[in-house]
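Structural characterization, general
Each chain is listed here by its residues.
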Amino acid sequence: MSLRLFFLFSVISIHGLYAQVKITDSLIVLLNNYPANDTGKVSLLNNISTSAWGADPKLTKQYAGQALLLSQELNYTKGIADSYAGISRYYWTQTEYDQSTNFALKALKEYEQIHNLKGVSWCYASIGTNYSQANNFDKAIYYHNRALALNKKINNLSGVGRNLNSLGYINELQKNYPKALEYYKRGLDIRLTVGNKVDITLSYANVGSIYYLMNQYSRALEFLFKALPLAQAVDNKNYIALIYQNIGEVYYKTGKYDEGERYLLNALQLGNEIGDKKRREGVYDALKSLEQSRGNYKAAFHYLELLQGVRDTLYTQDRSRQVAKMETLYETNKKEQTIKLLEQQRHIQLMWRYALSFGIILVMIATLIIYRLQQSRARKTKQLLVVEQALNDKLKEVDKLKSRFFANISHEFRTPLTLLLAPIEEKLSSNNISNSEKDLLMLMRRNANRLLDLVNQLLDLSKLEVGKMGITLRKYRLKEFMNTIAASFNMLAENKKIHFEKKLIIPDGSYSFDADILEKIINNLLSNAFKFTPPGGLITLMVEMNQNSSGIEDGIKIKVSDTGKGIPRDEQNEIFSPFYQIKNLADDGNVGTGLGLSLVKELTKLYGGSVNLISTENLGTSVTVYIPLDPAVKESAPLEPEARLVATLKNQITESGNDTHEDEPEELHDDIILVVEDNADLRNFISSVLQKEFTVVCAADGKDGFEQALHHIPALIISDLMMPVMDGLILTEKIKSDERTSHIPVVLLTAKNEQESKLEGLRTGADDYLTKPFSTEELRVRIINLIEQRRRLAAKYGEQNAVIPTPLLKHEMSLEEKFLQKARTIVESNINDFAFGVETLSAEMHLSRTQLLRKLKALTGLSPNEFIKDLRLKRAAELILSKADTISQIGYAVGFNDQSYFTKCFKKQFGVAPSEYGIAEKV
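The shown structure was predicted, so the numbers you read here are calculated from the model rather than taken from an experiment. (Residues numbered from 1 in each chain as written. Predicted model: local features only at pLDDT ≥ 70, side-chain atom pairs only at ≥ 80, totals over all residues. Heavy atoms only, no water.)

1. Concerning the overall build of the protein chain
To keep it simple, the criterion reads: Strands are runs of DSSP state E lasting at least 2 residues, helices are runs of H or I lasting at least 4, and numbering of each runs from the N terminus. Buried, partly exposed and exposed residues are distinguished by accessible area as a fraction of the type maximum, computed with a 1.4 Å probe on protein chains only: under 20%, between the cut-offs, and over 50%, respectively. When checking whether two residues touch, look at their non-hydrogen atoms; a contact exists if any pair is within 4.5 Å.
Summing up its helical and strand segments, the protein chain has 35 helices and 12 strands in all. A burial count over the protein chain gives 45% of its 923 residues as buried. In the protein chain, the proportion of contacts linking residues at least 24 apart, taken out of those at least 6 apart, comes to 65%.

Encoded structure:
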């Protein structure tokens, strides 16, 4: 292993700017007792930051940050520059070289402003050091030579020694060891002259490392043991850890494994104390090699795992590009500021020169021109409006006639087509026809169906033009729907010898959309692509969920691409017009009707989506359609004015509370099964087995599974026992201890067959336990039994306890009882409020409407509306029996503001009218 040194930057970051100062109690006391916030306090903070870097790099950042804030408040440029340098120094020790370079550039800008050449040379050396870490040695040598020349110019011997040491380090990285030794010894001579112990320590260590790399181990130990007492004297943990590592590696190379291990472990301990990831990487690598040499492969493998973990967090890609980018940005900003200043000065001069001379004249001329143009535009606009109105009236009349014509003729076509297709289908189903007759009948059926499709397209266009087509939204499993449509073109692709590629990037789950419209859009796009793609070509259907800027799924993006003949540029603007036919014939010689793409555009427009076409002649065409998931349109055909008024009034009544005479419908879709399994193949297999009977939602680990459970409130959860992030036991415990999910049955799956494992799973609250491998039929039966058992319990629970007015319970309540108790309390506290409904209850329970619906259904068999109404009626029955008030007042008291509706609900609940209830009870 190469014995590289990782503390070059720390030496660069000190000398030339500050003296090395050891943190003492008196220095901290001096800071705490310093009376004023002035430049003296800034210097004191920066000195403490500098002296702390070796012992505790975090203190370096802390005190440099305080100095920066105070310097900015005082507008003290040197203090700002020194603070930036301190922060840059901290980030280097944490191996965050991009951040280190960023703050070094900020410091460089401030030092140049006050002509502080020592600070400028430090910044050059810092940038060069970061380039060396990115292995961009040419850039690194360039910046270090700039720093060396500047330090020689100002006779800064400490800086010269530091730059020579850096150039030696770069040659060491390039494995030019003789050249590196020359630079290190030149730097050592300079530093011995200056007499700074910290610099001498590092130079001794550097010379020792080169002798080690040149296999001169005795010479290496000689210099390393010279460096060690100096590092201990200045209490620099970075240097001590470095020298420990180097001595340990030399001992290991010379076969002294015990002594080598001792020094390496000391280096590792110090590296952990100061949070030096690079140090841990080097020590782990050395310990791995040492244990290999000993033949202790188990320990070597352990250190290899630790080494890989450190490296995964250390190395980043393209460091050279990031450093160069920040350097270029700095230089560009300087030039842009200079150019901008010159342009502003020239602009001001021109403005003063011409403003007084031409200002008034230009204003007068502009005013006159604008006045004349406005008069002329007003006259022309008025004339054009008259002509346009007349043309619009004629076009509307023509459109109505055309639409009526196509609608009528299309309807006329459908009757004879039906009479043709029905006998053909009946004949084809017979077994008494020859192959030649069957082929002829299939030809007839294919062309009759094609004609029927054209008729349907004409009808759709007619409906769209007169505004009679609406959108009907229903929940479907989008992925299965898309797979079915795409599969219908497989045979066509095989017959035409076209490669048909499908990319359906759609998550599992149900979405609301108009299936008929979506099917027509995709069928027309694919039919058009197959028509103009020759044999051997490629057609790609890609369907994915579109995400808005917030990362939320807001629509479906459908893209159909082909390698066909393409569309000429001059015809692309007309391709979506009805009955327009491009000049290129289709691959099969048919011209087509020009209806398909026109219908696609109109249907997409109706849905509130968009269509985009990209085509290159002789290369192919790509059509992209965006369909919103929640379109701003009605869910049915447009309403007439009277119907719209009735619907509006009905919505207002429903929102106001229980005034409506009909229960608010609440949908609860198919049972949802949540499958939590980290093995993708097994997860997909279980999902495929269950999705015929249930709605299946999947998660790859326990954490995601718990989030999915909170979102969907499934009827049952199937979970693996051993998973990353969160295992099945923890997931079960969280499910059973959360008020929102405690009722959900959990089935645990595991490869373990021990009795203790089963008991552990069942103790956490799991309802069932299956050992892998398991029978899919057994899994399905157990799921059905658990769901049915939960429903029977819910029905029984609902009859006995769900809607009885709040009692005083003496026993410890379960989570389900606490949930129902809370729901009863909320309803009873608002029982006389007419406007109280499901929305208010779900808000008070801190659940979504769907979560509340699934939870109450699972526990009581009642929807939230039924739950509220049942409590109201039970309370009314109590009041009637106690003769607390008149029947009408009791109805108002329990939240019914319509007495006829109250009577109807009461009679349905108790079998008698409210006025007869007390009498019936006595009898």
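2. Regarding the pattern of salt bridges
Worth spelling out the cut-off: The salt bridge criterion pairs a side-chain nitrogen of Lys or Arg with a carboxyl oxygen of Asp or Glu, the two atoms within 4 Å.
Applying the stated criterion to the full structure yields 21 salt bridges. Where salt bridges share partners, they join Asp-258, Glu-261, Glu-291 and Arg-294 into one cluster.

3. Digging into helix α10 (residues 177–194)
Since the α-helix advances by 3.6 residues per turn, residues separated by three or four positions end up pointing in the same direction. Our working rule: Here the expected length of a helix is defined as 1.5 Å per residue gap, with one fewer gap than residues.
With 18 residues, α10 extends 25 Å between its outermost C-alpha atoms, agreeing within 8% with the 26 Å of an ideal straight helix rising 1.5 Å per residue. At the exit of α10 stands Gly-195, carrying a positive phi of roughly 90 degrees.

4. Looking at the packing of aromatic side chains
Heads up, the rule is: For Phe, Tyr and Trp, rings pair up if their centres lie within 6.5 Å, where Trp contributes its six-membered ring, and each pair is then called stacked (planes under 30 degrees apart), edge-to-face (over 60) or tilted (otherwise).
Applying the stated criterion across every chain yields a total of 24 aromatic pairs. Ring geometry for Tyr-476 versus Phe-481: centroids 6.4 Å apart, planes at 35 degrees, classification tilted. Since its relative accessible area comes to 14%, Phe-481 is described here as buried. Ring geometry for Phe-896 versus Tyr-901: centroids 5.9 Å apart, planes at 55 degrees, classification tilted.

5. Thoughts on the environment of Arg-89
Turning to its location among the elements, Arg-89 is positioned in helix α5 (residues 77–93). A residue is classified by how much of its surface remains accessible, and Arg-89, at 1% relative accessible area, is buried. Sequence spacing of Arg-89 and Ser-49 is 40 residues, and the spatial spacing of their C-alpha atoms is 9.7 Å.

6. Description of the side chain of Lys-288
Among the secondary structure elements, Lys-288 is positioned in helix α15 (residues 277–294). Not counting chain neighbours up to four residues away, the residues in contact with Lys-288 comprise Ala-300, Tyr-303 and Leu-304.

7. A look at helix α34 (residues 899–910)
What counts, and what does not: Here, the arc refers to the directions that run from the helix axis to the C-beta atoms.
With 12 residues, α34 extends 16 Å between its outermost C-alpha atoms, agreeing within 8% with the 16 Å of an ideal straight helix rising 1.5 Å per residue. Where α34 is concerned, the buried positions are Tyr-901, Phe-902, Cys-905 and Phe-906. What you see down the axis of α34 is that its buried residues fit within an arc of 130 degrees, all on one side. Among the residues trailing α34, Gly-911 stands out with phi positive, at a value near 85 degrees.

8. A few points about the nonpolar core
The line we're drawing: Residues belong to a common nonpolar core when they are buried Ala, Val, Leu, Ile, Met, Phe, Trp, Tyr or Cys residues joined through side-chain atoms within 4.5 Å.
Residues Tyr-111, Tyr-124, Val-207, Ile-210, Ile-243, Tyr-244 and Ile-247 are the most contacted members of the largest nonpolar core, which totals 75 residues. The contact partners of Ile-210, leaving out residues within four places of it in the chain, are Glu-172, Tyr-177, Ala-180, Leu-181 and Tyr-184. In this structure, Ile-521, Ile-522, Ala-529 and Ile-627 belong to the second largest nonpolar core, which totals 44 residues.

9. Examining the sheet that holds strand β7 (residues 620–628)
Quick reminder of the rule: Two strands pair under a simple rule: DSSP has to find at least two bridges between them. Axis lines are fitted to C-alpha atoms, over the contacting stretch for helices. Their N-to-C directions set the angle, which ranges from 0 to 180 degrees.
Strand order in the open sheet made by the five strands is β2-β4-β5-β7-β6, with mixed pairing throughout. The open sheet has two free edges, formed respectively by β2 (499–505) and β6 (610–616), since each of these has just one partner strand. Sheet twist, expressed as the mean angle between neighbouring strand axes with direction ignored, is 10 degrees. Bridging between strand β5 (residues 553–562) and β7 involves eight bridges; their strand directions are antiparallel. When the sheet's bridge partners are listed, Lys-557 is paired in β7 with Tyr-626. In the packing of helix α19 (residues 478–487) onto the sheet, the strands contacted are β2, β4 (538–547) and β5, and the crossing angle to β2 comes to about 175 degrees. Strands β2, β4, β5 and β7 of the sheet are contacted by helix α21 (residues 515–531), whose axis makes an angle of about 20 degrees with β5.

10. Digging into the confidence of the model for the protein chain
Note the cut-off: By definition, pLDDT measures how confident the predictor is in each residue, and it falls between 0 and 100.
Here the protein chain averages 77 in pLDDT, while 77% of its residues score no lower than 70. Scored below 50 in pLDDT, residues 1–22 makes 95 contacts in the model with residues more than four places away or belonging to other chains. Of the regions scoring below 50 in pLDDT, residues 801–810 engages in 23 contacts with residues more than four places distant in sequence or in other chains.

11. A closer look at the environment of Ile-517
Relative to the elements of secondary structure, Ile-517 occurs in helix α21. Between the alpha carbons of Ile-517 and Ile-471 there is a distance of 8.0 Å; along the sequence they are 46 residues apart. With near-sequence residues (within four places) excluded, Ile-517 lies in contact with Gly-470, Ile-471, Leu-603, Leu-606 and Tyr-607.

12. Thoughts on the packing of α21 against helix α22 (residues 596–606)
When two helices pack together, their arrangement is given by the angle between their axes and by how far apart the axes lie. Put simply, the test is: To sort the angles, those under 35 degrees are grouped as roughly parallel, those over 145 as roughly antiparallel, those from 65 to 115 as roughly perpendicular, and the leftovers as oblique. With the far helix as reference, a near helix turned anticlockwise by less than a right angle produces a left-handed crossing, and one turned clockwise produces a right-handed crossing. Residues are grouped as follows: nonpolar covers Ala, Val, Leu, Ile, Met, Phe, Trp, Tyr, Cys and Pro; charged covers Asp, Glu, Lys and Arg; every other residue, Gly included, is treated as polar.
At their nearest, the axes of α21 and α22 sit 9 Å apart, and the two run at 150 degrees to each other. By the angle class used here, α21 and α22 are roughly antiparallel. For the pair α21 and α22, the sense of crossing is left-handed. Residues Ile-517, Lys-520, Ile-521, Asn-524, Leu-525 and Asn-528 of α21 form the contact with α22, whose participating residues are Gly-596, Leu-597, Leu-599, Val-600, Leu-603, Thr-604 and Leu-606. Classifying every residue of the contact of α21 with α22 by side-chain character gives eight nonpolar, four polar and one charged.

13. Here we look at unusual backbone geometry
At Asn-75, a position not held by glycine, the phi torsion is positive, near 55 degrees. Mapping Asn-75 onto the fold places it in the loop between α4 (57–74) and α5.

14. Describing the packing of helix α11 (residues 197–213) against helix α12 (residues 217–233)
Running from N to C, α11 and α12 cross one another at 160 degrees; their axes reach a closest spacing of 7 Å. On the basis of their axis angle, the class for α11 and α12 is roughly antiparallel. Every pair of crossing elements has a handedness; the one defined by α11 and α12 is left-handed. For the pair α11 and α12, contact is made by Lys-197, Ile-200, Thr-201, Tyr-204, Ala-205, Val-207, Gly-208, Tyr-211 and Tyr-212 and by Tyr-217, Arg-219, Ala-220, Phe-223, Leu-224, Lys-226, Ala-227, Leu-230 and Ala-231, respectively.

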